Amino acid sequence: MSWGFENDPEVQEELDWVEEFVRTEVEPVDHVIEHAWNPRDPVRNALIKPLQQQVREKKLWACHLGPELGGPGYGQLRLALLNEKLGRTHSGPVVFGCQAPDSGNAEILAHYGTDHLKKTYLEPLVEGEIVSCFSMTEPHGGSDPTGFRTTARLKGDEWVINGEKWFSSHALWAEFLIVMAVTEPDAPAHKSMSMFVVPADTPGIERVRDVSVWGHDEPVGSHNYLRYTDVRVPAENILGERGQAFAVAQTRLGGGRIHHAMRTVGLVQSAFEMMKRRAVSRTTKGERLADKQLVQEMIADSWIQLEQFRLLVLRTAWRIDRYNDYRKVRADISAVKAAMPKVLADVAGRAIQVHGSLGISKELPFGKWVMESFHMGLADGATEVHKVNLAQFLLRGTEPDDGLFPPYVVPIRQAEARSRFADVLAAVDDGEHA
């Protein structure tokens, strides 16, 4: 199926409902609850659970999952269009059952978990009854997982895990953690690690620190520094085969980056809308800000960046659906991930400037979004890593030139063209001198 920059009527009707629902029902919740991921907060549950029920009734719950897991099985393009609407809110992904890291962890469990793990953790996770944690990054290594030191050793019928994990988001609320650890120390780096399901109440898990992030005004930091000391889990809690952690991780990262990117599009659109409204409402020196050429430049540049990024993300989602193979779209995904932080930082920064002192105050969210752009530049792989990966892919197969000058300089191209068309040029020349 092709996509011609226009949705089918039933899809557009669905997206229109989502947009109205998010603006009128979900956004107000963001101003009342502390954290949408905390299932132990009675205020959160009282406000979010009824909204989740409305989403279920509209058959829009957990759209990233296939029918066998209780979802409608949307493709990446349709998911991208949905996530664009959710991105303007904190609570939106939770209300629609597609929040990170739970959405990716559910996919991992669905692909690699035993029947027992699926029954114990996947089913309540998909139902939104529990939350989870992806415990991968370490204090001494993030963008290069090959340097991780946390180990898991098989002793009898149990894996024993030792090590430290940094930025294990939502660990304080999670019922289980997916932990990446070295199991094959003598194997090549990308085949040396495995992943495990670790129940959160397993003895030996220590929350060393609850880490807060700039721009996130939460009473307790939700990005946690964890220490694993002789943490024992059953042998069957391994996800996939031994040494398969990198392959398992890709199950969650490819699509997740697209969902995150389209949620960022929604966030940028929100900043852009407020910037335009401020420009036509505020006056200075007898003119609206909208009549100032430098403000007009800010608005034009913001729209161009937003639309360029949005189309790149949608094309990438379309290519994922077309090929059904993330390996064929890795370069596109890297490009999306690398472009995302700058778009948000630039547009939110211009929105601050147009709003003046109000823009830098905590009465508007722009400062938080600028800080969030730095978060985006680090999560799921640093921007620099994705740029390197993209460049390496683009350069692959490009042959070097051996001559003193490259063969595409004008004198060489002219000589080649004159040689190719010598007969025509000679005939024209003879005709002119006849």
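Before reading further, recall that the structure is shown in the block above.
What you are looking at is a predicted structure, and each value in this text was computed from that prediction instead of being measured.

A. Quick peek at the overall build of the chain. Of regular secondary structure, the chain possesses 14 helices and 10 strands. Relative to all contacts within the chain whose residues are 6 or more apart in sequence, the contacts with residues 24 or more apart total 71%. Here the chain contributes 49 positive and 60 negative side-chain charges, whose respective centroids are spaced 3 Å apart.

B. Main features of a negative patch on the surface. On the surface, a cluster of negative charge is made up of E6, D8, E10, E13 and D16. Position of D8 among the secondary structure elements: in the segment before α1 (9-30).

C. Layout of the environment of G141. Turning to its location among the elements, G141 is positioned in the loop between β1 (132-135) and β2 (151-155). Take G141: its relative accessible area is 14%, and that puts it in the buried class.

D. Fine view of a nonpolar patch on the surface. A contiguous nonpolar patch, built from F421, V424, L425 and V428 and spanning about 340 Å² of accessible area, is present on the exposed surface. Assignment of secondary structure puts V428 in helix α14 (residues 422-432). For V428, a relative accessible area of 45% gives the class partly exposed.

E. Local environment of the packing of helix α8 (residues 293-323) against helix α9 (residues 330-355). As a packed pair, α8 and α9 sit with axes 10 Å apart at the nearest point and diverge in direction by 155°. Viewed along their axes, α8 and α9 adopt a mutual orientation that is roughly antiparallel. Between α8 and α9 lies a crossing whose hand is left-handed. Considered class by class, the residues forming the contact of α8 with α9 number 14 nonpolar, 4 polar and 7 charged.

F. How the structure looks around α8. Over its 31 residues, α8 runs 45 Å from end to end, which matches the ideal 45 Å to within 8%, given 1.5 Å per residue. Immediately beyond the C-terminal end of α8, within one or two residues, lies N324, with a positive phi of roughly 50°.

About the cut-offs
- Residues numbered from 1 in each chain as written.
- Predicted model: local features only at pLDDT ≥ 70, side-chain atom pairs only at ≥ 80, totals over all residues.
- Heavy atoms only, no water.
- Helix = DSSP H or I, 4+ residues; strand = E, 2+ residues; numbered from the N terminus.
- Contact = heavy atoms within 4.5 Å.
- Lys, Arg positive; Asp, Glu negative; His and termini not counted.
- Charge placed at Lys NZ, Arg CZ, Asp CG, Glu CD.
- Patch = residues over 30% accessible without salt bridge, like charges linked within 9 Å, V, L, I, M, F, W, Y side chains within 5 Å.
- Areas by Shrake-Rupley, 256 points an atom, 1.4 Å probe, with all protein chains shown as cover.
- Salt bridge = Lys/Arg side-chain N within 4 Å of Asp/Glu carboxyl O.
- Buried < 20%, exposed > 50% of the residue type's maximum accessible area, 1.4 Å probe, protein only.
- Axes fitted to C-alpha atoms, helices over the stretch in contact; angles between N-to-C directions.
- Parallel < 35°, antiparallel > 145°, perpendicular 65-115°, else oblique.
- Left-handed = near helix turned anticlockwise from the far one by under 90°.
- Nonpolar A, V, L, I, M, F, W, Y, C, P; charged D, E, K, R; others polar.
- Expected span 1.5 Å × (residues − 1).

This is a description of form; function is not addressed.
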